[in-house]
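# Descriptive structure summary
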Amino acid sequence: MSNSSNSGSWYETLTSTPILIATAVGVSFAAIFAVSSSNKTSEQIKTQVKEVTNVASSNTDARGKAAQAGASIMSAPSTDLAPPKDDPISASSLSQYDGSDPSKPIYVAIKGRVFDVTPKAEMYGKGKGYNIFAGRDASKGLGMSSLNLEDAISDYSSLNETQMNTLNQWESFFEKRYNIVGKVVP
Ligand code: HEM
Ligand SMILES: *[C@@H]1O[C@H](CO)[C@@H](O)[C@H](O)[C@H]1NC(C)=O
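Residues numbered from 1 in each chain as written. Chains lettered and ligands numbered in written order. Predicted model: local features only at pLDDT ≥ 70, side-chain atom pairs only at ≥ 80, totals over all residues.

## Some details on the overall build of the protein
Of the regular secondary structure elements, the protein holds eight helices and four strands. The secondary structure elements of the protein, listed N-terminal to C-terminal, are α-α-α-α-β-α-β-β-α-α-α-β. By the burial criterion, 31% of the 186 residues in the protein qualify as buried. Once local pairs closer than 6 in sequence are excluded, the contacts in the protein between residues at least 24 apart make up 61%. (Helix = DSSP H or I, 4+ residues; strand = E, 2+ residues; numbered from the N terminus. Buried ≥ 20, exposed ≤ 12 C-beta atoms within 10 Å, placed from the backbone. Contact = placed C-beta atoms within 7 Å.)

## A short note on the sheet that holds strand β3 (residues 113-116)
To summarise the sheet geometry, strands pair through backbone hydrogen bonds and adopt either a parallel or an antiparallel arrangement. Ordered in space as β1-β4-β3-β2, the four strands form an open sheet in which the pairing is mixed. Only two strands of the sheet have a single neighbouring strand rather than two, namely β1 (88-90) and β2 (107-110). Across the sheet, the mean angle separating the axes of adjacent strands is 45° when strand polarity is ignored. Judged from the three bridges that link them, β1 and strand β4 (residues 179-185) form a sheet pairing that is parallel. Each bridged residue has a counterpart across the sheet, and for serine 90 the counterpart in β4 is valine 185. (Pairing = 2+ DSSP bridges. Axes fitted to C-alpha atoms, helices over the stretch in contact; angles between N-to-C directions.)

## Quick word on the nonpolar core
The biggest cluster of nonpolar side chains holds 29 residues, and the ones touching the most others in it are Tyr107, Val108, Ala109, Val114, Phe115 and Phe133. Mapped onto this core, the elements with two or more residues apiece are β2, β3, α8 (161-175) and β4. Residue contacts for valine 108: discarding those within four places in its chain leaves Phe115, Val117, Tyr124, Phe133, Ala134 and Ala138. (Core = buried A, V, L, I, M, F, W, Y, C linked by C-beta atoms within 7 Å.)

## Describing unusual backbone geometry
Its identity is not glycine, yet lysine 111 carries a phi of approximately 50°, on the positive side. Here lysine 111 is to be found in the loop between β2 and β3. For lysine 111, a count of 17 C-beta atoms within 10 Å corresponds to the partly exposed category.

## Notes on the pairing of β3
Here β3 shows a buried face lined by Arg113 and Phe115 and a second buried face lined by Val114 and Asp116. Pairing between β2 and β3: four bridges, direction antiparallel. When the bridges of β3 are listed, alanine 109 appears paired with valine 114. Remark: two residues form the turn of the hairpin made by β2 and β3, two consecutive strands paired antiparallel; lysine 111 in that turn has positive phi of roughly 50°.

## What to know about the environment of glycine 182
Structurally, glycine 182 can be placed in strand β4. Overall, glycine 182 belongs to the buried group, with 21 C-beta atoms counted inside 10 Å. Glycine 182 has contacts with Lys85, Asp86, Asp87, Pro88, Ile89 and Val114, leaving out every residue within four places of it along the chain.

## Here's the deal with α8
Compared with an ideal rise of 1.5 Å per residue, which puts 15 residues at 21 Å, α8 spans 21 Å between its outermost C-alpha atoms and is within 8% of the ideal. For α8, the set of buried residues is Gln163, Thr166, Leu167, Trp170, Phe173 and Phe174. Seen end-on, α8 carries its buried residues on one side only, within an arc spanning 115°. Structural note: α8 exposes Glu161 and Met164 on the side pointing more than 90 degrees away from its buried face. (Expected span 1.5 Å × (residues − 1). Arc of directions from axis to C-beta.)

Below, the structure is given as structure tokens:
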């Protein structure tokens, strides 16, 4: 490999879209953290996220990228995950793990696989910004980068290619961080 192609790849790394977006979104992190550390409701956080999102970008594609760029500077992957479990969990049983009972774990399902997100109760717990995803399979909403309840459903068949990519990236994000405790059964 020549020197010029090396410096070319450096240039590419430093100026790649995700990093630029991460920088742009980084400015907004302060706003989100300010919101989450104060006593605001998840509705207010949603409004705040929408405002930030509108500033960051006016289209869903870039919003997905922003979420992924954010992901790269979020929590590190876990180093001690348990072997994935295949235990059947019904949708109604899953709904009991939505963070409303602090003594129970919190589950989020993606494409039918149930992840234990209890370590991030400050994000998925009752009244928290991402509680919308808790206690259910919210594949469609994750693919759409949507925090709307009506999008937080398991049927993701309406997602287009870009949105499928976003969903797949969230799936891989969760795989690296959370234990799989079962799969959703009808
Ligand atoms: C531009 C607006 C947004 C900003 C600034 C933002 C910011 C953040 C930040 C800072 C985190 C990491 C927090 C932490 O690790 O403590 C995070 C995590 C996350 N965000 Fe967002 N977010 C935005 C929009 C969205 C939207 C629209 C969705 C909808 C899918 C979303 C879904 C998630 C999810 C699923 C996590 C997972 C965190 C985890 O499990 O560790 N975000 N976001
Ligand atoms: C997928 O849908 C989103 C939201 O409607 C849109 O912004 C995006 O351009 C679409 N992507 C493709 C590849 O059709």
